[in-house]
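Take a look at the letters that make up each chain.
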Amino acid sequence: MTANQELAHALRMRFGLPPTQPTDSQLAIIKAAIKRIKDQGRTATQTDWAEVVKTYCPGFGEWAYRGADNSDLNTLLALALADARRG
């Protein structure tokens with residue numbers, strides 16, 4: 001699984017997104033929005049992530065998945081951004 005796929009999966013689990021979200025374009029916008037927060041010298045909070053995902057993914061909160069998602073979204077974002085720089 002690529003870093004983007006891992007981030008998308010974590011977003012689905014954490015925010016109850018349908019299996020078709022986030023799309024590649026939604027994920028790119030979400031990553032850019034969170035990166036802007038990080039560029040301001042802040043660490044994105046759970047609330048920041050929720051607000052951004054809710055803004056760009058209309059399926060926010062519509063699905064429920066069993067099991068806990070303990071992944072750290074900021075770590076996954078860093079991996080996805082590093083992956084994008086290499087590729």
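One can find the structure itself at the top, above this paragraph.
Rules used throughout
- Residues numbered from 1 in each chain as written.
- Predicted model: local features only at pLDDT ≥ 70, side-chain atom pairs only at ≥ 80, totals over all residues.
- Heavy atoms only, no water.
- Helix = DSSP H or I, 4+ residues; strand = E, 2+ residues; numbered from the N terminus.
- Rg over C-alpha atoms; globule rule 2.2 N^0.38 Å.
- Buried < 20%, exposed > 50% of the residue type's maximum accessible area, 1.4 Å probe, protein only.
- Contact = heavy atoms within 4.5 Å.
- Areas by Shrake-Rupley, 256 points an atom, 1.4 Å probe, with all protein chains shown as cover.
- Expected span 1.5 Å × (residues − 1).
- Arc of directions from axis to C-beta.
- Salt bridge = Lys/Arg side-chain N within 4 Å of Asp/Glu carboxyl O.

*Asks:* What am I meant to see in the overall build of the protein here?
*Replies:* From N to C terminus, the protein includes 4 helices and 0 strands. Each helix (α) and strand (β) of the protein, taken in turn from the N terminus, gives the series α-α-α-α. Radius of gyration (C-alpha) of the protein: 12 Å, near the 12 Å computed for a compact globule of 87 residues. When the backbone C-alpha atoms are referred to their principal axes, the protein occupies close to 30 × 25 × 25 Å. Counting over 87 residues, the protein shows a buried share of 38%. Long-range pairs, those at least 24 residues apart, make up 74% of the contacts in the protein between residues at least 6 apart in sequence. Accessible surface, the protein as shown: approximately 5,300 Å² in total, 51% of it carbon and sulfur.

*Asks:* Looking at this structure, how should I read helix α2 (residues 24-39)?
*Replies:* Structural remark: α-helix, 3.6 residues per turn; residues separated by three or four positions point the same way. Here α2 contains 16 residues, and its C-alpha end-to-end distance of 22 Å stays within 8% of the 22 Å for a straight helix at 1.5 Å per residue. Every buried residue of α2 is listed here: Q26, L27, I30, K31, A33, I34 and I37. Projected down its long axis, α2 carries its buried residues within an arc of 165°, all on one side. Facing away from the buried side of α2 by over 90 degrees, the exposed positions are D24 and D39. With its phi angle positive at about 90°, G41 sits one or two positions after the end of α2.

*Asks:* How should the pattern of salt bridges be read in this particular structure?
*Replies:* Where charged atoms of side chains with opposite charge meet at close range, the side chains can pair. This model, assessed by the stated rule, comprises 2 salt bridges. Between D39 and K35 there is a salt bridge whose closest N-O contact spans 3.1 Å. Remark: K35 and D39 occur in helix α2; sequence separation between them is 4 residues, near one turn of the helix. Accessibility expressed as a relative area gives 55% for D39, which makes it exposed. Residues D48 and R42 are paired through a salt bridge, measuring 2.6 Å at the closest nitrogen-oxygen approach. When its relative accessible area of 11% is taken as the criterion, D48 is described as buried. The exposure class of R42 is partly exposed, given its relative accessible area of 37%.

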